[in-house]
Structure formats: structure tokens, C-alpha cells
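If you want the building blocks of each chain, they are given just below.
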Amino acid sequence: MDVFIGTPPKHFSLILDTGSDLNWIQCVPCHDCFEQNGPLYDPIDSTSFKNISCSDPRCQLISSPDPPLPCKDHNQSCPYFYWYGDSSNTTGDFALETFTVNLTSPSGKSEFTKVENVMIGCGHWNRGLFHGAAGLLGLGRGPLSFASQLQSLYGHSFSYCLVDRNSDTNVTSKLIFGEDKDLLSHPELNFTSLVSGKENLVDTFYYVQIKSIMVGGEVLNIPEETWNVSADGAGGTIVDSGTTLSYFSEPAYQTIRDAFLRKVKGYPVIDSVPVLDPCYNVSGVDNLVLPEFGILFADGAAWNFPVENYFIWLQPGEVVCLAILGTPRSALSIIGNYQQQNFHILYDTKRSRLGYAPMNCADV
């Protein structure tokens, strides 16, 4: 997502992540940084940059580095450390800064909106697969996230519509803060409850409660406890824009994979593709037929996906692979962004629900 940070505003591209809270950007001086497109952010160049001190109550919202860097005095800037599920991480100083975001008004006009005193990490040590971005915009449920910090302006909901990965590069996805009337009146908009109010949940994540999985019209035999959050907070299923493919914990993944192996007929299996499994040779096939895939939720909602959201074409017209991976037993299951393509997805924390409607996102 393109944002402008600081005063005067400077342009940066940040990764949009509903699976984390902290907004952060690579900062000068950068002691250990990944490669990014364009210059690094330098707080010295911005008149609106303010360090959060150790005595500021907001310092308690962020985890301190490990081993801890204790605050030596009250005026010292608040140190932070933030870690992601794939072991990416960022360490630096916690601060306040002004964001300028290009928002479209209800009349369709483009307007630059200033949001002052946004809590942000000024990262001096950053590691991970951030592919040229300058940092990350957190849209999780916790108090640090950009979505939470914007609630006083736009209320308790936001939505996005991700264009498919093969679309033209000049077509952009849309992120909408506040209620979108067109989405709420969409005839195919479905809702499932967000799981909340349990003490063992991670307060960042948007949890949904799966009951079962369907492949080719068959409800798979997966024990229902596979989908539950354990007493120590492990497991459960989250919806995450910051994870690419979908991951299902064992034994669900093995059962899903076996169902596709059983039901996909007439295409030779290819074993040489790393990571993805199964893969099929479909060269010369004009009318590709693959089983349907859907998720059934505990509250009765169902989410059915078009085939391009759960199979990935590696060599157009030649190789197709299941775009679902496994995680260990009692680990987190994740509905990733590949499965969310061309759905308008609504995160409504006030009513504690997730909405999803099929949409050609290029047209939103």
C-alpha cells in the first residue's frame, strides 16, 4: 500500500498485514536492513517525528527486545522488538509520526487525509522476506494497528478486494476504511462470526471457526477438534492478508490433499515441483476439470472458492498445483491472500463478523 509518512510527506510502500498489529518502517541509521525500493526513511528529515519515551504508557503496548534492553531513564526512547510467524522480525525505537493517506471521498474524488500521532516502529534492525517494501502496515485487532488507530475517524470496520495475481500491473486492489454501502448491499455477501472473547486467543488475529471442509461435494472426515484453539492458545484458524497461500493443520491438510488425489482424474501427477503437492501435467488439456473446494463454518456459513483460488498455474497451460500447504498438528491454520483473490472481504470488529462477497476486484 502506498502511504506518505512524515512532514513534509514522503512516499513509501508498505506491506498490508491483517495478521499483525505494529506499523513500522526501515529507519536511518539502519544497522541491519533488507533491500527496499527507494530511499530509507530518516526521522531527522521530518518535523512531525516524535520518540515515545519509556515513561509514556504507550510504551507498554509493545514488546521489548529479547534479551530486554531496560529503560535506563524516563526520557529514553522506548525500544521494541516484533517477531512474525516466519521468523521475520524488526527491532528499533517506538515513535509517533504523521501519515498522509490518499483516500477516495464518497463522491469519488481523491483526497489526501492526514492522520497525526500514529504509533510506528522506527526499525534499525529488520530481517525477513519483505521484497522491496519499506516496512509494514498492521491491520490486526490489537490497539497498535493502523485499523485500530483509525477507528475514531472511520469506525470499527474496513474491507479490501485483492485483484488476482495474474491481473495487469496497472490494476490496483482497494482498501476501504469504514462501511462500504455497495458491499453491504451485495446479494452474495456472506458473514461468518469472528471468534472473540476467549482469554486464550491472540488479540491480534481475526479467528474464524471452521466446522468442516468440502472437496468435490464431499464433506471430509476431519475431527472437529482439529479446528479448535487449545487451552494454551495454540491452533485455530485466522484470515490473514500477510500470508500468501493457505495452511491447514494436520490431520486436516493430509485429508484435503488425499481427497484431491482421489478426485482429480485423467491428469498425470508430477513429483518434481518443490513445496507444492499434488501437481498435475495438464498440457494439451482444453477444458480443465478440477474438484470444487469450500469451507463450512460452525455458525452455518459456507465459503466456496473458484478453482483459481486454490490451484496455482505454474507454467500456463502445462502444470497446475494445489495451492494449499500443511502445518503441524495443533498449529495455526491460515486462510491466506491467494484464496482471498476476487472476494471483497469485510472485517467488522463492532459486530464481530467477517464478510466475503465474490467480486471482480479490478472493477471496485
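Residues numbered from 1 in each chain as written. Predicted model: local features only at pLDDT ≥ 70, side-chain atom pairs only at ≥ 80, totals over all residues. Heavy atoms only, no water.

Some details on the pattern of salt bridges
Note the following rule: Basic side-chain nitrogens of Lys or Arg form a salt bridge, by our definition, when they fall within 4 Å of a carboxyl oxygen of Asp or Glu. Numbering goes from the N terminus for both helices and strands, where a helix is a DSSP run of H or I of at least four residues and a strand is a run of E of at least two. Three exposure classes are used, based on accessible area relative to the maximum for each residue type with a 1.4 Å probe and protein chains only: buried under 20%, partly exposed in between, and exposed over 50%.
By the definition in use, this model includes 10 salt bridges. Glu179 is the partner of Arg351 in a salt bridge, and the nearest nitrogen-oxygen pair spans 3.3 Å. In this pair, Arg351 is assigned in the loop between β25 (343–348) and β26 (353–358) and Glu179 in the loop between β10 (174–177) and α3 (181–184), connecting sequence segments 172 residues apart. Among the residues examined, Arg351 registers a relative accessible area of 47% and is labelled partly exposed.

Regarding the side chain of Asp21
The criterion, for reference: Working convention for charge: Lys and Arg count positive, Asp and Glu count negative, and His plus the chain ends are omitted. Pairs of N or O atoms are called polar contacts if they sit within 3.5 Å, as long as, within protein, a hydrogen donor faces a hydrogen acceptor (for residues adjacent in sequence, only side-chain-to-side-chain pairs). Whether two residues are in contact is decided by their heavy atoms, any of which lying within 4.5 Å being enough.
Inspection of the secondary structure assignment puts Asp21 in the loop between β2 (10–17) and β3 (24–26). The buried charged residue Asp21 lacks any salt bridge, with Arg141 as its nearest oppositely charged partner at 8.7 Å. At a separation of 3.0 Å, a polar atom in the side chain of Asp21 contacts the main-chain amide nitrogen of Gly142. Among residues more than four places away in sequence, those in contact with Asp21 are Tyr82, Gly138, Gly140, Arg141, Gly142, Leu144, Ser145, Phe146, Asp203 and Thr204.

As for the sheet that holds strand β19 (residues 293–297)
Note the following rule: By the convention used here, strands pair only if DSSP detects at least 2 bridges between them. Throughout, an axis means a line fitted to C-alpha atoms (over the contacting stretch in the case of helices), and angles, computed between N-to-C directions, take values from 0 to 180 degrees.
In space, the four strands of this open sheet follow the order β14-β13-β19-β20, with antiparallel pairing throughout. Among the strands making up the open sheet, the edge pair consists of β14 (218–219) and β20 (302–305). Strands in contact with helix α4 (residues 252–263) are β13 (210–215), β14 and β19; relative to β13, the strand with the most contacts, it is inclined by about 20 degrees.

Let's talk about the pairing of β25
The buried fraction of β25 amounts to six of the six residues, a majority that puts the element mostly inside the structure. Where strand β9 (residues 157–161) lies against β25, five bridges are found, and the strand directions are antiparallel. Note that in β25 the partner of Cys161 across the bridge is His344. As defined by bridge partners, β25 adjoins β26 across six bridges and the pair is classed as antiparallel. For Ile345, the partnering residue across the bridge sits in β26 and is Tyr356. Linking β25 to β26, which pair antiparallel, is a turn of four residues; within it Ser352 sits at a positive phi near 50 degrees.

Examining the sheet that holds strand β21 (residues 311–315)
Taken together, four strands build an open sheet; the order of strands is β17-β18-β22-β21 and the sheet is antiparallel. Only two strands of the sheet have a single neighbouring strand rather than two, namely β17 (269–270) and β21. Of the pairings in the sheet, the one linking β21 to strand β22 (residues 319–322) comprises four bridges and is antiparallel in character. Across the sheet, the residue bridging to Ile312 is Cys321, located in β22.

Observations regarding the UniProt feature "active site" (unreviewed entry) in the chain
This is how the line gets drawn: UniProt positions are given in the numbering used here, feature names are shortened, and annotations may be inferred rather than shown by experiment.
This chain's UniProt record puts "active site" (unreviewed entry) on Asp17 and Asp240. In terms of the greatest pairwise C-alpha distance, the residues named above, spread along 224 residues, form a tight cluster of at most 6.9 Å across. With respect to the element layout, Asp17 can be found in strand β2. The contact partners of Asp17, leaving out residues within four places of it in the chain, are Tyr84, Leu136, Leu137, Gly138, Leu139, Gly140, Asp240, Ser241 and Gly242. Judged by relative accessible area, which is 7%, Asp240 ranks as buried.

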